[in-house]
Amino acid sequence: MKKIFVMSSMALLLSAMPADTPITREGDTTVVNTTTLAKDVEGYNGRTPVKIYIKKDKIVKVEALPNHESPQYLAKAKAVLKKFEGKQVSKIKTLKVDAVTGATFTSEALVKNVKKGVAHYQEKR
């Protein structure tokens, strides 16, 4: 009886948890998480999700989320994320960002993640 109660309680708690949503708010900043939005985007060693922080339709910062890229390549590739900071979201779709030499696959995947995340943000706002 006790086992059934524990299992049913766990099921109830899990079903009450909010769905994994790609857009959240942190104060006056909108945060877009591409973990579920860009499942088809892969770097050299797999998916490379990012969090995009947007305030007043401008990208404040972009950070790489946990992934399987090797640390040395990821460190190089993160340079592309800085290219988005301060840009209007309306300009991101056509923004040209060159891949980082020596980390081409990873940096291209990061760029694709940002563009997908921003497109989703524009679609849902």
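Values in this document were obtained by computation on a predicted structure and should not be read as measured data. Residue indices begin from 1 for each chain and proceed along its sequence in written order. Only residues with pLDDT of at least 70 get local features here, since the model is predicted, and only at 80 or more are side-chain atom pairs given and counted; chain-wide, interface and lining totals rely on the full set of residues. For side-chain calculations, the full set of non-hydrogen atoms in the structure is used, while hydrogens and water are omitted.

1. Section: the nonpolar core
For clarity, the threshold we go by: Only buried Ala, Val, Leu, Ile, Met, Phe, Trp, Tyr and Cys residues count toward a nonpolar core, and they belong to the same one when joined by side-chain atoms within 4.5 Å. Categorising residues by exposure relies on relative accessible area from a 1.4 Å probe, with only protein chains included: less than 20% of the type maximum marks a residue as buried, more than 50% marks it as exposed, and the intermediate range marks it as partly exposed. Helix and strand assignments come from DSSP, with helices taken as H or I runs of at least 4 residues and strands as E runs of at least 2, each series counted from the N terminus. When checking whether two residues touch, look at their non-hydrogen atoms; a contact exists if any pair is within 4.5 Å.
By size, the foremost hydrophobic cluster in this structure holds 22 residues, and its most contacted members are I52, I59, V62, F84 and V114. Of all the secondary structure elements, the ones that give two or more residues to this core are β3 (50-55), β4 (58-64), α2 (71-77), α3 (79-82), α4 (89-92) and α5 (104-124). Take this core: its biggest share by element is 5 residues, from α5. In this structure, V62 is in contact with V50, K51, I52, L81, F84, E85 and V114, ignoring residues within four places of it in sequence.

2. Examining the packing of aromatic side chains
How we decide: Pairing of aromatic rings covers Phe, Tyr and the six-membered ring of Trp, with a centre-to-centre limit of 6.5 Å; geometry is then stacked below 30 degrees between planes, edge-to-face above 60, and tilted otherwise. Look at NZ for Lys and CZ for Arg. If either is within 6 Å of the ring centre and within 35 degrees of the ring normal, a charge sits over the ring.
In this structure the tally under the stated criterion is 1 aromatic pair. It is K61 that lies over the ring of Y53; its NZ or CZ is 4.7 Å from the centre.

3. With respect to the sheet that holds β4
Cut-off, in case you're wondering: Here, strands pair whenever DSSP counts at least two bridges between them. Convention adopted: a line fitted to C-alpha atoms gives each axis, helices being fitted over their contacting stretch, and angles between N-to-C directions are expressed from 0 to 180 degrees.
With respect to topology, 4 strands assemble into an open sheet ordered β1-β2-β3-β4, the strand pairing being antiparallel. The sheet terminates laterally at β1 (23-26) and β4, the two strands that pair on one side only. Direction aside, neighbouring strands of the sheet carry axes that sit 25° apart on average. With 4 bridges joining them, β1 and strand β2 (residues 29-33) adopt antiparallel strand pairing. Bridge pairing in β2 places R25 opposite T30. The strands that α5 touches are β1, β2, β3 and β4; relative to β3, the one it contacts most, it runs at about 45°.

From the geometry alone we can't say anything about function, so treat these as descriptive.
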